[in-house]
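Notes for the structure review
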Amino acid sequence: MILRPRYIDALRTYRNIPLVKILAGIRRCGKSTILEMLRDDLLAGGVMAEQVILMRYTSEELEQGMTDREMYQNIKSQMKDGVFYYLLLDEVQEIAGWEKAVNSLLENGNADIYVTGSNSRLMSSEISTYLSGRYVSIPVYTLSFAEYLDFKAASGRPPRELLNDYLRTGGFPIVALGSFDERSAYQIVEGIYSSVITNDITRRHNISNYDLFNRVVKYVVENVGKTFSANAIVKFLRSEGRSLSVESIYNYLNWLEKAFVIYRCQRYDLQGKSVLKTQEKFYLADPSLKYCMTGFNPKSLASMLENVVYFELLRRGYEVYIGKNETREIDFVAVRRDERIYVQVCRQLPEDSDREVGNLLEIRDHYPKFVVTLDDLASGNINGVQIVHLLDFLLSDRY
């Protein structure tokens, strides 16, 4: 088993603290494996095997129609009085009302509880009702490039070569573990995508016109890293002779977000120091989700570079925004406690424009500023703006 130490370290931070630890992310991003890593870490730390209860609630293994009460009683039947347990509960969203069962187990005071899930049931308002102030959410993403290198260590291939594969086939662990060609990799990812759409969205929300929904998804995918509105999608569909309300568009985007297919990046006004509610952008949970639907196209690489950088910043615990500085745009403003960095992303530094560097130089503060590029010849420091190759940015210990 190839370790993902970032997640194990995060879980260690909250160990034995009376909070439910919720690991949430898109299907097949590695949550179940992280639970297995946690179990192994507990055992290596001296916890007895009988103190660790690992339960899977995937639809294939789930007793048909299991209730939250049955879930609670099943777990309790495995626990003895006077013994402290570690409960590792996988894909709990398959149980309606799971949060009530987990809350009861937490109140018993003799268990440290970890749960995983991959759709909106995990993020429902019921969590606030039953677990208010008693849980911590740990987002799980597909592989970072550093993790991808660990998965590919046996190949002996150089990092720059592997970066090219990472950009084209993405970071789903199941893909990284194999030696698939592009076509096979995209078929695997398409299967993951179909599972998410079928199980977490269309079936759950009773979407009857699957083709129309899928066309909206494709529009979002084709416009990753661009600003657009629900009205723009309505007009686009109208041009194709289709009809859909703005409210339905908002619902679709919301459901895609709650299934962790897309992530919303809001705009931040650097002058007014406020988050703006318009002109948001959306990014995909993994670049391969775009290519499995549209095929790989070198012209789309620029937006996917943004996508990769955006998620690298999220993985490192930053809150990430699009920066608005009067009439100029900064690709990313990343904030973490009292830290802040500014990042521009481009495939190559244009020879006849200083836009990327110039936009950053307009910001009059002392925080680090980066231009991240695939240009092998671009490097150095321009008046405090650091020019960094994508590979070095992704592998940097700190910014």
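Refer to the structure above for everything that follows.
A brief structural summary.

A large share of strand β1 (residues 20–24) lies buried, amounting to 5 of its 5 residues. What you see with β1 is no split at all: V20, I22 and A24 on one side and K21 and L23 on the other are buried throughout. As paired elements, β1 and strand β5 (residues 135–139) share 5 bridges and run parallel to each other. Residue pairing for β5: V20 is matched across the bridge by Y135. In this sheet, strand β4 (residues 111–117) lies alongside β1 in parallel orientation, the contact comprising 4 bridges. When the bridges of β4 are listed, L23 appears paired with T116.

What follows concerns unusual backbone geometry. Of note in the backbone geometry, E91 takes a positive phi value of approximately 55 degrees without being a glycine. Along the chain, E91 falls in the loop between β3 (85–90) and α4 (98–107). The class for E91 is buried, based on a relative accessible area of 9%. Located in the positive-phi region is F260, a residue other than glycine, with phi close to 65 degrees.

This part takes up the pairing of strand β9 (residues 328–336). Inspection of the sheet shows strand β8 (residues 319–325) paired to β9 by 6 bridges, in the antiparallel sense. Pairing of G323 across the sheet is with I330, part of β9. Counting the residues that bridge the hairpin from β8 to β9 gives 2 residues, and of these E326 lies at a positive phi of roughly 55 degrees. Strand direction decides the pairing type here: β9 and strand β10 (residues 339–346), joined by 5 bridges, are antiparallel. Directly across from F332, in β10, lies its bridge partner V343. With antiparallel pairing between neighbouring strands as the criterion, β9 and β10 make up a hairpin whose turn holds 2 residues, including R337 at a positive phi of roughly 55 degrees.

Thresholds applied
- The numbers attached to residues start from 1 for each chain and follow its sequence in the written order.
- For this predicted model, a pLDDT threshold of at least 70 governs which residues receive local features, and a threshold of 80 or more governs which side-chain atom pairs are given and counted, while totals over whole chains, interfaces and linings are taken from all residues.
- Note that water and hydrogens are dropped before the side-chain values are worked out from all heavy atoms of the structure.
- Each residue is placed in one exposure class: buried if its accessible area under a 1.4 Å probe, protein chains only, is under 20% of its type's maximum, exposed if it is over 50%, and partly exposed if it falls in between.
- Every helix listed is a DSSP run of H or I at least four residues long, and every strand listed is a run of E at least two residues long, numbered separately from the N terminus.
- Two strands are said to pair when DSSP picks up at least two bridges between them.

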